[in-house]
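Structural features, examined
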Amino acid sequence: MFLIYFAAQFQTIFTTYAKQELGFGIQVSAVMASMVMIGLIVGKLLLGMFNDKFGVKATYIYGVAAGIIAFILFLTASGSTPVQVYIGAFLFGSCFALMSIGTPLLVSQTMGAKEYAKILSWVLTVGLVANSLASAVNGLMADVLGYNAIMIMASIMLIVALFLVITAISIAGRKAKK
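Residues numbered from 1 in each chain as written. Predicted model: local features only at pLDDT ≥ 70, side-chain atom pairs only at ≥ 80, totals over all residues. Heavy atoms only, no water.

With that out of the way, let us pick up helix α3 (residues 26-54). The end-to-end C-alpha distance of α3 is 40 Å, a good match for the 42 Å that 29 residues give at a rise of 1.5 Å each. The inward-facing, buried residues of α3 abut α2 (14-20), α4 (56-75) and α5 (83-111). Just downstream of α3, Gly-55 is the residue with a positive phi angle, here 105 degrees. (Helix = DSSP H or I, 4+ residues; strand = E, 2+ residues; numbered from the N terminus. Expected span 1.5 Å × (residues − 1). Contact = heavy atoms within 4.5 Å.)

Now for the packing of aromatic side chains. Following the criterion strictly, the structure yields ten aromatic pairs and no others. Between Phe-10 and Phe-74, the ring centres sit 6.3 Å apart and the planes meet at 45 degrees, which makes this aromatic pair tilted. Here Phe-10 is found in the loop between α1 (2-8) and α2, whereas its partner Phe-74 is found in helix α4, with 64 residues between them in sequence. Pair check on accessibility: Phe-10 and Phe-74 agree, each one buried. A centroid spacing of 6.0 Å and a plane angle of 85 degrees characterise the contact between Phe-14 and Phe-92, whose relative ring orientation is edge-to-face. Linking Phe-14 in helix α2 with Phe-92 in helix α5, this pair joins segments that are 78 residues apart in sequence. In terms of burial, Phe-14 and Phe-92 fall into one category: buried. An aromatic cluster of at least three residues, connected via ring pairs, comprises Phe-10, Phe-14, Tyr-17, Phe-71, Phe-74, Phe-92 and Tyr-147. (Phe/Tyr/Trp six-rings, centres within 6.5 Å; stacked < 30°, edge-to-face > 60°. Buried < 20%, exposed > 50% of the residue type's maximum accessible area, 1.4 Å probe, protein only.)

Spelled out as structure tokens, the structure:
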């Protein structure tokens, strides 16, 4: 979860990325922020439906894939039209939604009901610490390495996090069968 929370923190600086790197005006940045929030609402609904129909693993696959596609759209965007960054921002909302929807689902799936509230509170605390650290690290990386480095790092973090989630679900499933 640490990695997903860290990667999701990019949502606080991609409007600056659109303005500084792509040359869009403040209006485009404002619409991007709105598109993330709309994507967050839709993403929460989609993540819930994915979980109900396909399970936690599919929920994470969808959320992480949406985040990676969003980063690809941001990385390949040009300053000529904002449509691509709007779509990326909307998709990023589903990845961002993993923090509030995916975390309790994963804790429940892997840890069970015993001590659920206590375990969830610790996991959420670690996630929020990651989010706080990411704010400072992303700002520093943007200044030193540029925004593209942040998006590449965040994409790698999402892939590693997905691998860890799938592994945790598999291990929990094997333990439950014993």
